[in-house]
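Listed below are the residues making up each chain.
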Number of protein chains: 2
Amino acid sequence: MGIQRKTKSLQAVYEAFGDSNEALSVKMIRDRLGESVNKTTVYRLLDRLEEDGMVHSFSGEDSVTFYARCHACKGVSHDHNHPHFNCVSCDKVLCMEEEVVLPLSGKFKVTEARIFLKGICAECA
Amino acid sequence: MGIQRKTKSLQAVYEAFGDSNEALSVKMIRDRLGESVNKTTVYRLLDRLEEDGMVHSFSGEDSVTFYARCHACKGVSHDHNHPHFNCVSCDKVLCMEEEVVLPLSGKFKVTEARIFLKGICAECA
DNA sequence: CCTTTAACGCAACTAAGTTGCATTAAATTT
DNA sequence: AAATTTAATGCAACTTAGTTGCGTTAAAGG
Ligand SMILES: [Mn+2]
Ligand SMILES: [Mn+2]
Ligand SMILES: [Zn+2]
Ligand SMILES: [Zn+2]
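This one's a predicted model, so the numbers in the text were calculated from it and none came from an experiment.

Digging into the coordination of the zinc ion (ligand 3)
By definition of the ideal shapes, a tetrahedral metal site with four donors has angles of 109.5 degrees and an octahedral site with six donors has angles of 90 or 180 degrees.
Residue and element names in this part refer to chain A.
Phase 1 of the analysis: Bound to the zinc ion (ligand 3) are the protein donor atoms Cys87 (SG), Cys90 (SG), Cys121 (SG) and Cys124 (SG), situated 2.2 to 2.4 Å from the metal.
Phase 2 of the analysis: One can describe the donor arrangement at the zinc ion (ligand 3) as tetrahedral, given that its 4 donor atoms subtend angles of 103 to 120° at the metal.
Phase 3 of the analysis: Spacing between the donor residues of the zinc ion (ligand 3) along the chain follows C-x2-C-x30-C-x2-C. Taken as a pair, cysteine 90 in the loop between strand S4 (84-87) and strand S5 (93-95) and cysteine 124 in the segment after strand S6 (109-120) lie far apart in primary sequence, 34 residues in all.
Phase 4 of the analysis: Its relative accessible area of 29% is what places cysteine 124 among the partly exposed residues.

Given below as structure tokens:
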């Protein structure tokens with residue numbers, strides 16, 4: 001059912017992402033907000049935002065879930081098979097625009113891909 | 001420094017993998033062993049086995065770390081960029097032999113890839 | 001302004017994984 | 001075959017991400 005009331009907390013959490021394609025963890029979001037919003041609330045807001053297709057989530061490295069605003073996938077086709085990238089220099093986690101070709105294999109029928117890449121981002125290069 | 005003593009616990013944990021390319025979580029390993037080995041010990045054994053290149057680890061879906069025996073990567077080139085596959089039918093997590101072409105991009109310098117695929121495995125097809 | 005109930009904050013909880021420390025048991029030496 | 005050394009183990013206590021129940025607050029609509 002998603003979001004039904006536009007509360008202060010909701011706006012604060014959503015605006016924490018800005019316009020960028022940077023992915024944030026709950027801890028990072030709360031840091032940006034000065035811990036003003038209760039962590040349970042942040043989790044629940046992100047759940048609702050995801051339900052409504054406003055953000056998507058994926059798990060990063062150390063068993064931490066990241067959330068990012070949906071940019072490309074506004075409409076019907078919520079294709080979140082796009083790769084995510086972690087810059088080892090600035091530590092940012094970003095959504096990549098690039099399409100991913102699902103590796104076709106004789107043995108496996110692949111329907112979903114979670115691709116987490118590491119390396120150096122454009123700004124740190 | 002890795003493993004220095006071939007203890008009963010070590011053999012039990014290592015043999016839990018069998019010859020297959022199936023990946024196991026600590027919980028799964030302990031279930032197979034009838035909880036006979038303390039969980040701290042299992043974590044430490046897996047750390048040492050990984051240090052010695054006998055197993056490799058990667059994070060699965062729900063913030064659970066999986067471990068699998070190293071098959072292809074016996075020698076010097078410990079290339080663990082191979083994909084891992086989760087069958088949604090039998091729930092098994094498997095190492096895939098297939099090579100994956102890293103998505104080259106102008107913006108990002110990719111050096112490492114964690115690829116987690118979902119779908120239907122050969123036996124469940 | 002009043003009512004309804006979605007959203008909130010808090011405390012308590014779960015589960016994966018880690019750490020310190022005393023004890024046990026491999027491996028090596030006598 | 002002892003005695004010695006210290007890697008490995010078990011336990012309890014801890015950390016951190018995330019969840020749940022419940023009483024309270026506040027957004028939205030009449
Ligand atoms: Mn993304
Ligand atoms: Mn593997
Ligand atoms: Zn960077
Ligand atoms: Zn299967």
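What to know about the side chain of histidine 82 of chain A
Residues and elements named next belong to chain A.
Phase 1 of the analysis: Mapping histidine 82 onto the fold places it in the loop between strand S3 (65-69) and S4.
Phase 2 of the analysis: For histidine 82, a relative accessible area of 13% corresponds to the buried category.
Phase 3 of the analysis: At 3.2 Å, the side chain of histidine 82 and the side chain of histidine 56 are in polar contact.
Phase 4 of the analysis: Ignoring sequence-local partners within four residues, the contact set of histidine 82 consists of His56, Cys95, Met96 and Glu98.

The rules behind each value
- Per-chain numbering applies: the sequence of each chain, read as written, is numbered from 1 onward.
- Ligands are numbered from 1 and chains lettered from A, in the order in which they are written.
- Note on the predicted model: pLDDT of at least 70 is required for a residue's local features to be given, and 80 or more for side-chain atom pairs to be given and counted; whole-chain, interface and lining totals, by contrast, use all residues.
- Computation of side-chain values covers all heavy atoms of the structure but excludes hydrogens and water.
- Donor atoms (N, O, S) are those found within 2.8 Å of the metal centre, with the cutoff raised to 3.2 Å for Na, K and Ca; water is not part of the atom list, so apparent gaps in a site can occur.
- Note on geometry labels: four donors, all angles 85 to 135 degrees, give tetrahedral; four donors become square planar and six octahedral when opposite donors are over 155 degrees apart and every other angle is between 65 and 115; remaining cases are irregular.
- In this text, helices come from DSSP runs of H or I with a minimum length of four residues, and strands from runs of E with a minimum of two, each type numbered from the N-terminal end.
- Relative accessibility thresholds used throughout: buried, under 20% of the residue-type maximum; exposed, over 50%; partly exposed, between the two (1.4 Å probe, protein chains only).
- Identification of polar contacts relies on pairs of N or O atoms within 3.5 Å, with a donor-acceptor requirement for protein atoms, meaning one able to donate a hydrogen and the other able to accept it, and with residues adjacent in sequence counted only if both atoms are side-chain atoms.
- Whether two residues are in contact is decided by their heavy atoms, any of which lying within 4.5 Å being enough.

That is the geometry; function is a separate question.
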